[in-house]
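One letter stands for each residue in the lines below.
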Amino acid sequence: MNNSEFYAGLKGGIVVALSSAPFGILFGAIAVDNGISVLEAALMSATIFAGASQLVGIELFGHHVAAWLIVLSVFAVNFRHVLYSAAIARFIGHFTPVQKFFTLFLLTDPQFAESVKRGESGRGVSFPWYIGFGVAVYFPWLFFSVVGAFFGKMMGDPRAIAIDVLLPVYFLGLVVGFRRKPGFHPVVAASALGSVFGYHFVGSPWHVSIGAAVGVVVAALLPLPKERVPVTAASEVET
């Protein structure tokens, strides 16, 4: 394993881990508040490892919703990961099957964003970098989930201190990071409108998948961006 790549991944992942710490604490607190034990909350974070869908699942558990509906709702929230995995496939084609298993398990929103940026910049996505970034996010998430489960009752209502607003702000930051890509504005606008209509006419959490689907359709209909010809190549053609 390339140690420099691994440490570079750790460095980038630690920043994400610190910023996502409030989400982990929030999840643990809400889990206990809905009758989930500390051990069960830790197990959920360790196996699902997806903050938004974990919060949705916990809320449904608290309302005694049927198990199949909870699983289907979690799938709806995590449907975007199907798109994520397709988008990074070109960057991880050289990974072994075992490496791809851990790659897809650790695939999160920031992991996807950083992998695409790294791949498109020409630096490539190596497994040491990817696994370093992933474990730097995974283990702190597990730790802060347990902390939230233990001490969540001391927090009271998370909305009173505006912790609940951190998640949408965080996702907005990830989206804005792709603002220079072709078709960004029409795709984001269509996805936002689709999500809003889905929320009002279908309900949560399906509006997440509906918004993603509308954005994918608009992106597919947009014309492909013209490839830029390097200056050196263009000058050789003219000569």
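Residues numbered from 1 in each chain as written. Predicted model: local features only at pLDDT ≥ 70, side-chain atom pairs only at ≥ 80, totals over all residues. Heavy atoms only, no water.

Because an α-helix packs 3.6 residues into every turn, residues spaced three or four apart end up facing the same way. Among the residues of helix α5 (residues 80-88), R80, H81, Y84 and I88 are the ones counted as buried. One face of α5 carries all of its buried residues, which in axial projection span an arc of 95°. (Buried < 20%, exposed > 50% of the residue type's maximum accessible area, 1.4 Å probe, protein only. Helix = DSSP H or I, 4+ residues; strand = E, 2+ residues; numbered from the N terminus. Arc of directions from axis to C-beta.)

Looking at where S115 falls in the secondary structure, it is placed in helix α7 (residues 109-120). At a separation of 2.7 Å, a polar atom in the side chain of S115 contacts the main-chain carbonyl oxygen of Q111. Those residues in contact with S115 that lie beyond four places of it in its chain are I88, F91, V125, W129 and Y130. (Polar contact = N/O pair within 3.5 Å; in protein donor to acceptor, adjacent residues only side chain to side chain. Contact = heavy atoms within 4.5 Å.)

Next up on the list: the nonpolar core. Ranked by size, the top nonpolar core spans 36 residues in total, and within it F27, I58, I88, F112, V125 and Y130 carry the most contacts. Those elements that provide at least two residues to this core are α1 (3-33), α2 (38-47), α3 (51-62), α5, α7 and α8 (127-155). In terms of residue count, the dominant contributor to this core is α8 (9 residues). Those residues in contact with I88 that sit more than four places away from it in its chain are L107, F112, S115, V116 and Y130. (Core = buried A, V, L, I, M, F, W, Y, C linked by side-chain atoms within 4.5 Å.)

Across the interface, helix α4 (residues 67-77) lies against helix α11 (residues 206-221) with an axial gap of 7 Å and an inter-helix angle of 35°. Between α4 and α11 lies a crossing of left-handed hand. Within the contact between the two elements, α4 uses L72, A76 and V77 and α11 uses W206, V208 and S209. (Axes fitted to C-alpha atoms, helices over the stretch in contact; angles between N-to-C directions. Left-handed = near helix turned anticlockwise from the far one by under 90°.)

Taken as a whole, this structure holds 2 salt bridges when the rule is applied. As a salt-bridge pair, E5 and R118 come within 2.9 Å of each other at their nearest N and O atoms. Here E5 is found in helix α1, whereas its partner R118 is found in helix α7, with 113 residues between them in sequence. R118 shares its class with E5; the two are buried. Residue R90 pairs with E120 through a salt bridge whose shortest N-O separation is 3.1 Å. In this pair, R90 sits in the loop between α5 and α6 (97-105) while E120 sits in helix α7, placing the two residues 30 residues apart along the sequence. On the accessibility criterion, E120 (42% relative accessible area) is partly exposed. (Salt bridge = Lys/Arg side-chain N within 4 Å of Asp/Glu carboxyl O.)

The next point concerns the packing of helix α10 (residues 184-201) against α11. Interhelical geometry of α10 versus α11 gives an angle of 150° and a closest axis separation of 7 Å. Crossing geometry of α10 relative to α11 is assigned as right-handed. Within the contact between the two elements, α10 uses P186, V187, A190, S191, G194, S195, G198 and Y199 and α11 uses H207, I210, G211, A212, V214, G215, V218 and A219. Split into classes, the residues belonging to the contact of α10 with α11 amount to 9 nonpolar, 7 polar and no charged. (Nonpolar A, V, L, I, M, F, W, Y, C, P; charged D, E, K, R; others polar.)

Helix length check: α1, at 31 residues, gives a terminal C-alpha distance of 42 Å against a target of 45 Å (1.5 Å per residue), a fit within 8%. The sharpest bend along α1 measures roughly 45° and falls at S20, with the proline P22 sitting one to four residues further on. Of the residues one or two after α1, G35 is the one with positive phi, at around 90°. (Expected span 1.5 Å × (residues − 1). Bend = angle between axes of the 7 residues up to and from the residue.)

So, on to the confidence of the model for the protein. Residue-level pLDDT values for the protein average 81, and 82% of them are 70 or greater. When the elements of the protein are averaged for pLDDT, helix α12 (residues 231-238) gives the smallest value, 42, and α6 the largest, 94. (pLDDT = per-residue confidence, 0-100.)

Further remarks concern the packing of aromatic side chains. Taken as a whole and judged by the stated rule, the model has 14 aromatic pairs. Their ring planes at 80° and their centres at 5.3 Å tell us that F101 and F102 sit as a pair that is edge-to-face. Taking relative accessible area as the criterion, F102 reaches 38% and is therefore assigned partly exposed. Each ring, one from W129 and one from F133, has its centre 5.5 Å from the other, and the planes form 40°; the classification is tilted. Here the residue W129 and the residue F133 both occupy positions in helix α8, the gap between them amounting to 4 residues, near one helical turn. The same class applies to W129 and to F133, which are both buried. Feature note: the residues F49, F105, Y138 and F139 constitute an aromatic cluster, connected by ring pairs. (Phe/Tyr/Trp six-rings, centres within 6.5 Å; stacked < 30°, edge-to-face > 60°.)

Below, the discussion takes up unusual backbone geometry. If you check the backbone angles, F49 has positive phi at about 50° while not being a glycine. As for its position among the elements, F49 is in the loop between α2 and α3.

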